[in-house]
Amino acid sequence: MPRTSKNALPQDFDWYAWERRAQQAGYPLVCGIDEAGRGPLAGPVCAAAVILPLDCAIEGLNDSKKLTEKKREALFPIIQEKALAWGIGWASAEEIDQVNILQATFLAMKRAVEDLQVQPQWVLVDGNRMPSLKIPGEAVVKGDAQCASIAAASVLAKVSRDRLLREWDKQYPAYGFGKHKGYGTKAHYEAISQYGLLPIHRRSFLKGCTKLPSSRVFTSTNARYDPFWAIMSISP
């Protein structure tokens, strides 16, 4: 008997059941939306929106959390190529602190939809809450594990954000962003304790810490945080 991954889906699993139902209701262009980076102590939250052709076959597609980094990176260009449209949206650490992580996530989702080259007619959003959009749709609990377009969006969001954090790892090597991607690991907390907070840290997630960073954490004495340069410089 051939071996299968523990995360493999049943062969008869219908990845497009949610999209098919929306199309049958009169919405031909269905967009899946998901986010990455709600929980980290640093960096933006990233959202992606993806419109896939119905029954588009993408081998290995799954919830991004169930895929290895190598597999996510391999799927990234395939999803971009096969999608009818895809978009990426961001909300910065500063925006997260200003409006809270839920509203910042909705803001990133809105920006991802606005980044689409084609306007969808129905949206499927991972989770149990809907962002305020001008497009009708529905929230799908654990949608990234049961809906193709949401799963595809989860991969694009995760890879985009991870690439950004790897770039910041070069700028702030003492913090280990390339490994923990901004999440609250022991090593990350220890780096914050030793070197202080960076402009990319979410103050609302670290209310007890006010220490500013030493110049030692930068790769050069003139290194500066520029969120727009950092995001736009990440190659697809």
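So, here is what we can say about the structure in this document.

Across its full length, the chain carries eight helices and five strands. Start at the N end of the chain and walk to the C end: the helices and strands fall as α-β-β-α-β-α-α-β-β-α-α-α-α. When burial is assessed residue by residue, the chain has 49% of its 236 residues classed as buried. When contacts within the chain are restricted to residue pairs at least 6 apart in sequence, long-range pairs at least 24 apart make up 66% of them. Here the chain has roughly 12,100 Å² of accessible surface; of this, 53% comes from carbon and sulfur atoms.

Now for the environment of Gln23. Structurally, the position occupied by Gln23 is in helix α1 (residues 17-24). Gln23 gets classed as partly exposed once you look at its relative accessible area, which sits at 28%. Counting along the chain gives 99 residues from Gln23 to Trp122, while the straight-line C-alpha distance between them is 8.7 Å. The contact partners of Gln23, leaving out residues within four places of it in the chain, are Pro28, Val30 and Leu54.

Unusually for a residue other than glycine, Asp55 sits at a positive phi of about 65 degrees. Take Asp55: it is sitting in the loop between β2 (45-51) and α2 (69-82). For Asp55, a relative accessible area of 46% puts it in the partly exposed group. If you check the backbone angles, Lys181 has positive phi at about 55 degrees while not being a glycine. Looking at where Lys181 falls in the secondary structure, it is placed in the loop between α6 (177-180) and α7 (186-195). When its relative accessible area of 7% is taken as the criterion, Lys181 is described as buried.

So, how was this worked out
Residues numbered from 1 in each chain as written. Predicted model: local features only at pLDDT ≥ 70, side-chain atom pairs only at ≥ 80, totals over all residues. Heavy atoms only, no water. Helix = DSSP H or I, 4+ residues; strand = E, 2+ residues; numbered from the N terminus. Buried < 20%, exposed > 50% of the residue type's maximum accessible area, 1.4 Å probe, protein only. Contact = heavy atoms within 4.5 Å. Areas by Shrake-Rupley, 256 points an atom, 1.4 Å probe, with all protein chains shown as cover.

In short, geometric facts, not functional conclusions.
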